[in-house]
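Structural characterization, general
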Amino acid sequence: MKTFLNFSFIILILLGSQESQSQLGLNEVATDILFIIDGYNEPAAEASVMQTGAGWFHTAKSLDLFKTNIAIGISGLPFPNSKKNFTVKDSDFSNVDIRDGDQASIPTTLGGRGLTFFDFEIDGEAYEFQAFSGIRSDLFAMPYIQGQIGLWKETELTLRLVPQLVIDKSSYAVYGLGLKHNISQYLFKENRTLEIAVYGNYNLTDLNIDFEEPLELAPSNGNPPLAILDGSLIDFHSINTGLVVSKDLNKWTFSTSLNYNTSWVDYSLTGEKSLFLNIFNDALTTLSATKHSFRGDIGAAYQITPKWNINSQFSAGQFVNLNISGIYSIN
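Owing to the predicted nature of the structure, the values given are computational and were not obtained by experimental measurement.

Some words on the pairing of strand 1 (residues 68-78)
Relative to strand 7 (residues 139-151), strand 1 is paired through eleven bridges, and the arrangement is antiparallel. Residue pairing in the sheet places G76 in a bridge with A141 of strand 7. Looking at chain direction, strand 1 and strand 15 (residues 320-329) are connected through eight bridges and run antiparallel. Residue pairing across strands places I70 opposite Y328, the latter belonging to strand 15.

Overview of the environment of V166
Looking at where V166 falls in the secondary structure, it is placed in strand 8 (residues 155-167). For V166, a relative accessible area of 57% translates into the label exposed. Between the C-alpha atom of V166 and that of N208, which follows or precedes it by 42 residues, the distance is 9.5 Å.

Details of the side chain of T155
If you trace the backbone, T155 turns up in strand 8. Those residues in contact with T155, other than ones at most four positions away along the chain, are S62, I149, G150, L179, K180 and H181.

Thoughts on unusual backbone geometry
In this structure, D100 is a non-glycine residue whose phi angle is positive, near 65°. Assignment of secondary structure puts D100 in the loop between strand 3 (97-98) and strand 4 (103-107). Overall, D100 belongs to the exposed group, its relative accessible area being 79%. At E154, a residue that is not glycine, the phi angle is positive and equals roughly 55°. Structurally, E154 can be placed in the loop between strand 7 and strand 8.

Let's talk about the pattern of salt bridges
This structure, assessed with the given rule, holds nine salt bridges. One salt bridge in this structure joins D297 and R295, with 2.9 Å as the shortest N-O distance. Taken as a pair, D297 and R295 share a single burial class, namely buried. Counted as one network, the salt bridges with shared partners bring together E154, R192 and E195.

Here is what the cut-offs are and how they apply
Residues numbered from 1 in each chain as written. Predicted model: local features only at pLDDT ≥ 70, side-chain atom pairs only at ≥ 80, totals over all residues. Heavy atoms only, no water. Pairing = 2+ DSSP bridges. Helix = DSSP H or I, 4+ residues; strand = E, 2+ residues; numbered from the N terminus. Buried < 20%, exposed > 50% of the residue type's maximum accessible area, 1.4 Å probe, protein only. Contact = heavy atoms within 4.5 Å. Salt bridge = Lys/Arg side-chain N within 4 Å of Asp/Glu carboxyl O.

These figures come from the coordinates and say nothing about function on their own.
And the structure:
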C-alpha cells in the first residue's frame, strides 16, 4: 500500500510543477522510480506464488467419481531477512541520485522503515523522495477454504477461496482452480505400491487498495488537475504444474512433489479518467514480466476418523511455507 501512496505523491510533485518541465527529465525519473517499485514489490510477488501454490493436495489418489471433500486450512510464510531489503546503486538510475553515497540497501514490501533519501532535478529544480517502507512483519498467515470433487478417469477438480480480508479501506482475496490426474492407473494397473499424479492449478491474488483521500495531481498555477487518483489494483497471477507421489501406511499418508511455477503481476492505478492516468498505467505494464521458479513439497496426513483427515505440508523454494488443514469427506 505504501508503494502507491508514496509513488503517487512523487508524481504529484513531478507533474504539479511548472509547465516548462522537461518531458525527457520526467520520463527518466518515472523510469527510475519504476525500477525501485519493481524491486520493492518483487519479494511480495514471490511470496504470493509460494503461498497460494501450496497445500492443494495431501495424496496422489483421486476421489471416486462425484465424491467430495472440503478443507479448511491456514498457510504460514515467514519472511527471511534476505527478502526484506534490496540494494540499489547510482548506476541503476538515469536521473535519480542516492543521497550520502553511491549505493544503499532499501526495504522491500516485506521490510521495515525506509530511511534512504533520493535526489533528482527537473529543469534545474531540486526534488527529493524517501525510500518506501515495508509492512514491518516477520510472518504472513493466510486462511483458506478448499473443495474437491472426483471426476472421470481418476481426475479431481479443486476450487480454493481465501475470503476477502479487509484492512482499513483496502481488501485482499485469493481465487484458485486446480486439476489432478492419477497416472498410477497406467503404470501399475491395480497393483499400486505408490500413487503418482500430475497436477496443475491457477491462482489469482487480488489486492485492491483505496487511498484514504483522493490524490490530485494539480499544477501550482491553479489550472485543473492532470489526474485524480483514488486507489490502485494489484493482481498476482500464478500457474503451478507438477508431479506428486504418495504412499499410504496404515492411517498415515506421506507425500512429496516437485512443482514448476509461472507467474506475472498486473499493476494499475484507479481514479478519474484522464490522459495522464492512461499513459501512466501503460507504463506500469513494464512491471508485468513473466517469471519462473521451482518449489518442492513434503507432507503427512493422518486419518483421525473415516471422514476426517489432518494434513500438514512443508514447502521450500524462494521462500519456505507451512500449511496445515483439516479435510472432511462429505460423501
